[in-house]
Amino acid sequence: MAKLMIGPPHYELMLHPLIKKNYGKWLYHEHVKPGVIKRVSETGDVLFTVRAAIPKIVSVDFVRSLCDIADKYCDGYIKFTSRHAAEFLVVNEEKVDELIKELESLGLPVGGTGKSFKPLIHTIGWNHCHTAIVDAPGLAKAISDTLFEYYKRNDLPAKLKIAIACCLNMCGAVHCSDIAIVGIHRTPPTVDDEIVSKFCELPTLVASCPTYAIKPKILPDKRRSVEVTAERCMGCGNCYTVCPGMKIINPKYDGLAIFVGGKVSNAKSPPMYSRLVIPYLPINPPRFPEVTEAVKKIVDTWIKYAKPDERIGEWIERIGWEKFFKLTGIPFSDKLIDDFIFSVPTFRTTTQFKY
Ligand code: SF4
Ligand code: SF4
């Protein structure tokens, strides 16, 4: 078992001895099979990574179970990825299949490496956020179940990264994921003058709005409150964060939007921002059929038509947005495919787009 040491002076004690010995000397890696990566060092050492998806919110008992497995197979070391997965580092190749069997018997599926559907990133939802439009973990489960086959395969055109943000604040990596599902408020906040005048600091409230949609007003009884210019409001919910009198959640009108084509940069191409392709889908828990169907349709179309190594954004860049909408059957409207910063051509900035 590894020693329990926390803090920078002891950081190297948290590295598996084989990683420490080969630090900076790794030559290459191979995707052996879904969920298993073989890493080879110039010293001749070999290390196997076994990746298992794990829940985002877990109990200490659950973490202890992971640690027991790491003690048994990995000399007491474990690694966590930014996409909610645990990685077990195995020196002895003969232990790999035994480890996979044990992880899967605990309900922790092994996969998500290479050209596969990676574990989905999602925000925290109603677990402890006040502006959540949707139960993001529940939606993550429904989408992951729908695409589970692609988590267990590594023969997709390229890697597939999906993210969910339960409001426009987008705590998740939605801007740079292949597919992003974003919770949207479609109505401006309703102002509760009683709460605003009694409990909220008005300059902070007015300044919280990124689109200058909030302005002060004087009530007939001379108390101070605010009013919202509806046309300016983008439904971000920032005002509700600083003042509980700005009620933004509206189950009747809130919904989900889908963006596609984002990715972070790699050696061969720069980063790409995801763009809006479906402006509204209803929120239908617990299995969100409208969303899972739309995501599956986009993924299956990409798998059918993309060339090897093309991420979704790269595939769309090659075939053009018109063809994307045609192939997927998603209806186009002039409200779509704007990106967040307007720094790349969209239908508003190019004469090449023919819709
Ligand atoms: Fe809260 Fe919005 Fe972040 Fe979700 S995306 S956790 S609702 S701030
Ligand atoms: Fe401004 Fe956002 Fe509040 Fe709308 S929801 S009024 S855009 S802070």
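**Q** Got a sec to walk through the sheet that holds strand S7 (residues 121-122)? Specific residues and values, please.
**A** Sheet architecture is open: five strands sit in the order S7-S9-S10-S15-S16, paired in mixed fashion. Each edge of the sheet is formed by a strand with only one pairing partner; in this case those strands are S7 and strand S16 (275-281). Relative to strand S9 (residues 162-165), S7 is paired through two bridges, and the arrangement is parallel. Paired with Ile-121 across the two strands is Ala-163, which belongs to S9.

**Q** So what's going on with the site of ligand 2? Which residues, and what values?
**A** Neighbouring ligand 2 are 13 residues; Cys-209, Cys-233, Cys-236, Gly-237 and Cys-239 lie closest to it. The class makeup of the residues in the shell around ligand 2 is nine nonpolar, four polar and no charged.

**Q** So what's going on with unusual backbone geometry? Residues and values would help.
**A** Geometrically, the link from Pro-285 to Pro-286 is a cis peptide bond, its omega value of 10 degrees lying close to zero. Relative to the elements of secondary structure, Pro-286 occurs in the loop between S16 and helix H9 (289-305). Its identity is not glycine, yet Asp-75 carries a phi of approximately 55 degrees, on the positive side. Mapped onto the fold, Asp-75 is located in the loop between helix H2 (60-73) and strand S4 (79-80). Positioned with a positive phi, His-84 is a non-glycine residue whose angle comes to about 50 degrees. You can see His-84 is positioned in the loop between S4 and strand S5 (85-90).

**Q** Tell me about the side chain of Arg-83, residues and numbers included.
**A** Inspection of the secondary structure puts Arg-83 in the loop between S4 and S5. Although Arg-83 is buried, it forms no salt bridge, and the closest oppositely charged side chain is Asp-178 at an N-O distance of 6.6 Å. Side-chain polar atoms of Arg-83 contact the backbone oxygen of Pro-119, separated by 3.1 Å. Within the structure, Arg-83 has its side chain in polar contact with the backbone oxygen of Ile-162 (distance 3.0 Å). Sequence-distant contacts of Arg-83, defined by excluding residues within four places in its chain, comprise Lys-118, Pro-119, Leu-120, Ile-121, Lys-161, Ile-162 and Ser-177.

**Q** Outline the sheet that holds strand S1 (residues 26-33), supporting the account with residue identities and numerical values.
**A** An order of S1-S2-S3-S5-S4 is seen for the five strands of this open sheet, with the pairing classed as antiparallel. If you trace the sheet from one side to the other, it starts and ends with S1 and S4, each paired once. Alignment of S4 against S5, held across two bridges, turns out to be antiparallel. Considered in S5, the bridge of Lys-79 is made with Glu-87. Lying on the sheet, H2 is in contact with S4 and S5; it crosses S5 at an angle near 15 degrees. Taken strand by strand, helix H3 (residues 96-105) contacts S1, strand S2 (36-41), strand S3 (46-53) and S5, and its axis lies near 15 degrees from that of S3.

Rules and cut-offs
- Residues numbered from 1 in each chain as written.
- Chains lettered and ligands numbered in written order.
- Predicted model: local features only at pLDDT ≥ 70, side-chain atom pairs only at ≥ 80, totals over all residues.
- Heavy atoms only, no water.
- Pairing = 2+ DSSP bridges.
- Helix = DSSP H or I, 4+ residues; strand = E, 2+ residues; numbered from the N terminus.
- Near = heavy atom within 4 Å.
- Nonpolar A, V, L, I, M, F, W, Y, C, P; charged D, E, K, R; others polar.
- Buried < 20%, exposed > 50% of the residue type's maximum accessible area, 1.4 Å probe, protein only.
- Lys, Arg positive; Asp, Glu negative; His and termini not counted.
- Salt bridge = Lys/Arg side-chain N within 4 Å of Asp/Glu carboxyl O.
- Polar contact = N/O pair within 3.5 Å; in protein donor to acceptor, adjacent residues only side chain to side chain.
- Contact = heavy atoms within 4.5 Å.
- Axes fitted to C-alpha atoms, helices over the stretch in contact; angles between N-to-C directions.

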